[in-house]
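Observations on the model geometry
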Amino acid sequence: MEYDFENIEKKWQEVWEEKKIFKTKNNFSDKKFFGLIEFPYPSGKGLHVGHLRTYIAMDVVCRKRRMMGYNVLYPIGWDAFGLPTENFAIKNKVHPQKVTEKNIKNFRRQLKSLGISFDWEREIKTTDPEYYRWTQWIFLKLFEKNLAYKKKMSVNWCTSCKCVLANEEVIGGICERCNHEVIQKVKSQWMLKITAYAQRLIDDLDKVNYSSRIKNQQKNWIGKSEGVDIFFETNTEDKIKVYSTRPDTLFGSTYLVISPEHELINTWTKKLDNLVEIEKYKQQAKRKSDFERTKLAKEKTGVKLGGVFAINPVTKHKLPIFISDYVLSSYGTGAIMAVPAHDERDYEFAKKFNLAIIEVVSGGNLSKQAYTAFESGTLVNSDFLNGLSPKKAKEKIILFLETNRLGERKTNFKLRDWVFSRQRYWGEPIPIIYCNRCGYVPVSETQLPLELPQIDSYEPTETGESPLAKISEWINVTCPKCGAKAKRETDTMPQWAGSSWYFIRYLDPKNDEVLANKEAINHWLPIDWYNGGMEHTTLHLLYSRFWYKFLYDVGVVSTDEPYKKRTSHGVILGENSEKMSKSRGNTVSPDIIVKKYGADTLRLYEMFIGDFEKVVSWQQGGITGCYAFLKRYVNLLNISNEKKDLRKELEAKFHQAIKKVTEDIEAMKFNTAISTLMSLLNEIYLTKSVTREEVRIFTLLLSVFAPHITEEIWEKFSFSNKLLAQETWPNFDEEKCKEDSFEIALQVNGKVRDHMVIVFSQTKEEILKEAKRSKKILKEIKSKEILKEIYVKNKLINIVLR
RNA sequence: GCUGGUGUGGUGGAAUAGGCAGACACAAGGGACUUAAAAUCCCUCGGUGAUUUAACAUCGUACCGGUUCGAGUCCGGUCACCAGCACCA
């Protein structure tokens, strides 16, 4: 038989579709498996081979689970709101809706050409009003529980997108999406109080099976730290509250620093004798973008506040107060006690401004650098703390501060609340109405979905207002509460909104009464296995865990973590080992590979290319090996004999292969699962023939990787009238994995000198006796004294000589 | 700087739990078949040095040291690279 992949693949894709073979059963009693991949953003560029890794891997897992008797849910949808589509639409003067439809069509075609076993009847898209109705509904619930609030604040503003960004979307002062500079701008924004969930988002990581890489990144991002707020008296009636994780060094605090935005500066305008200088510094700090602050402004700057000072609560020394932009207004209290001897930044600042450096933890060399160790050193110059370790001193001073009402324990997080509004057209409208009398009033649930108005011009505005602000007939409404004239919120939600709960909609995508039927929710959630990219660890993964926990709190879902298990695939780089992107010109389209070698070869290669969790470079040459393997598999037709059973000489090999493939797929070691199948095929070819049972088992194992050609062979051999997805995954017998005889290594002093074939039943004594007859071993031991004889079962013996 | 991870042939990568390093492929070289090419099949393929009626010795998993009968794997140190965070007090 020729390997006519083009017709074979077309034929079976049609059969699967017609027989609805991958449709998830609406049956809540079977054992279930919910496999999830991150639903794609349908860009105009189409999919490249790097995108496919996750879909194929989860497809392999899901196909196997189906054969193991699970009712499998493997859904797909489109995360379709977003800036690239909107920008493309503006540039080409088409409606984003049309662009989206076109892109989805292309994505759908590409995914279907690969034979991924999605249940296409549950397809969803976030831009569908019947979908975003529920995104808006969740927002209203958040608003109702005071977890959505509007706040005038300094936000990240992308100069190119003309839009606000969340902290998570700013990478090193640069817009994550367009790589343009991000500046700070004061705007009134909708915020979600994700910080209220910070502790739970850390704690509950213990309940889930994520790789340590993911857990660590999430923990780092949330950034919990435990310390104490300390009150410093001043020569005014105001106290300064500082936050410190090292109160043990309080005796070494020689000055205070507050952030340029600190409100005490406004309170003190009359007392400050160098206000002009201070104001000038404040203006400078304000103009600096995040980019400048992080990349250029490592040199410490600041201004001493003239006319005011603080008192160190334990030494009673007068401490000067500075403003400096190395203290952030958004973290802690926006003020610090500087301990130059034991903090690098304070040290640098103190050196520059010639401030006192007092050692309070011995062990360092202060003429060179600050001594920041917490695990070692001893307290000195610290009165009642002298002689203690920093750890013990910390406990003691906190107790002292608390008893004397000079401070209180405090936990802080680096995580900030989620900036939730965007000044763009192509997103979910925020269902809030502003009334001069009643304030922010929610749109009634019965009015949802609040649809995006159809307009012709949706360019972002220079003023930073949403394009929706221009449509007076849309924004001018009456207040739902009092009936007075009122205005709609014109900002839209960020792209992360729709993807924060999408997996719940898959359970019941057509329901028009609730976001999903409760029975379905209870049956299918949590998700059994979610695979996606590392780049979403601090964005999508954190946001969706937050929303899920919220939905748990309001009784929509019955568990408090959405993903039982989360894994990440390594990125596939282009052949030049750079990230695949159109601008670099190194993308590889699946369409070309499918046309030349077929989907099965592409699928196989994607899984064979390397360690699933590691970054790999695409290598066009590597495909031919997988293609050749499939052709050799097809060729089994030509060497098959009519004998039925597994042949004795291959029995152990087959059982070992079943075991290995079964276990490797669960561990995501797809590459070694495939190499096992390659080896097994090589073994079969050595015998120059194959039995029906051997073809049957081999086909079942291979079918999850290469579903089309295996279906064809299955039919050619007429093993059954069922399709492979309806068949049973083969079992292995641990006993039958063992071979009757095998080779072990003979070592002398740990070096391999010879090999020997033994029979399974032989004892250590028998083996040793025989080993010592080996010429090469005899040569080594000669007349030397044997100290020890080690036998590692079925592996080796080692004779240790003096 | 901090946190996490990685380092194995010309290349991608294997190597349960400390037990024969280099599975499985790619590339390369040689051969068979062919008018030729493609396809297919067979052989070689870490370095060095022997041997060629014999298939042996020796080194080798970033580097230095340690534990062990035995280390790619464990421990200590060094270097390099990747990812995330980055003035978070």
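Note that this is a predicted model, so its numbers are computed, not measured.

1. A look at the sheet that holds strand E10 (residues 209–210)
- Spatial ordering of the open sheet is given by E2-E1-E25-E26-E10, a layout of five strands whose pairing is parallel. Looking along the sheet, the strands with just one partner apiece sit at the ends: strand E2 (71–73) and E10.
- For strand E1 (residues 32–37) and E2, the ladder comprises three bridges, and the chain directions are parallel. Bridge assignment links Lys32 to a residue of E2, and that residue is Asn71.
- On top of the sheet, helix H2 (residues 49–67) reaches E1, E2 and strand E25 (529–532); it is set at about 175° to E1, its chief contact.

2. Notes on the sheet that holds strand E22 (residues 439–442)
- Across the sheet, which stays open at both edges, the four strands sit in the order E22-E21-E24-E23 with antiparallel pairing between neighbours. One side of each edge strand has no neighbouring strand; the edge strands of this open sheet are E22 and strand E23 (476–478). Looking at each pair of strands side by side, their axes are set apart by 40° on average, direction ignored.
- Here three bridges tie strand E21 (residues 432–435) to strand E24 (residues 485–488), and the two strands are oriented antiparallel to one another. Bridge pairing in E24 places Ile433 opposite Arg488.

3. Regarding unusual backbone geometry
- Following Leu448, the chain continues into Pro449 via a peptide bond in cis, with omega recorded as 0°.
- For Pro449, the position within the fold is in the loop between E22 and helix H13 (472–475).
- Cis geometry marks the peptide bond from Leu525 to Pro526; its omega dihedral reads 0°.
- Backbone geometry places Ser577, a non-glycine residue, at a positive phi of 65°.
- By the secondary structure assignment, Ser577 is in the loop between strand E27 (572–573) and helix H17 (590–597).

Calculation rules
- Residues numbered from 1 in each chain as written.
- Chains lettered and ligands numbered in written order.
- Predicted model: local features only at pLDDT ≥ 70, side-chain atom pairs only at ≥ 80, totals over all residues.
- Heavy atoms only, no water.
- Pairing = 2+ DSSP bridges.
- Helix = DSSP H or I, 4+ residues; strand = E, 2+ residues; numbered from the N terminus.
- Contact = heavy atoms within 4.5 Å.
- Axes fitted to C-alpha atoms, helices over the stretch in contact; angles between N-to-C directions.

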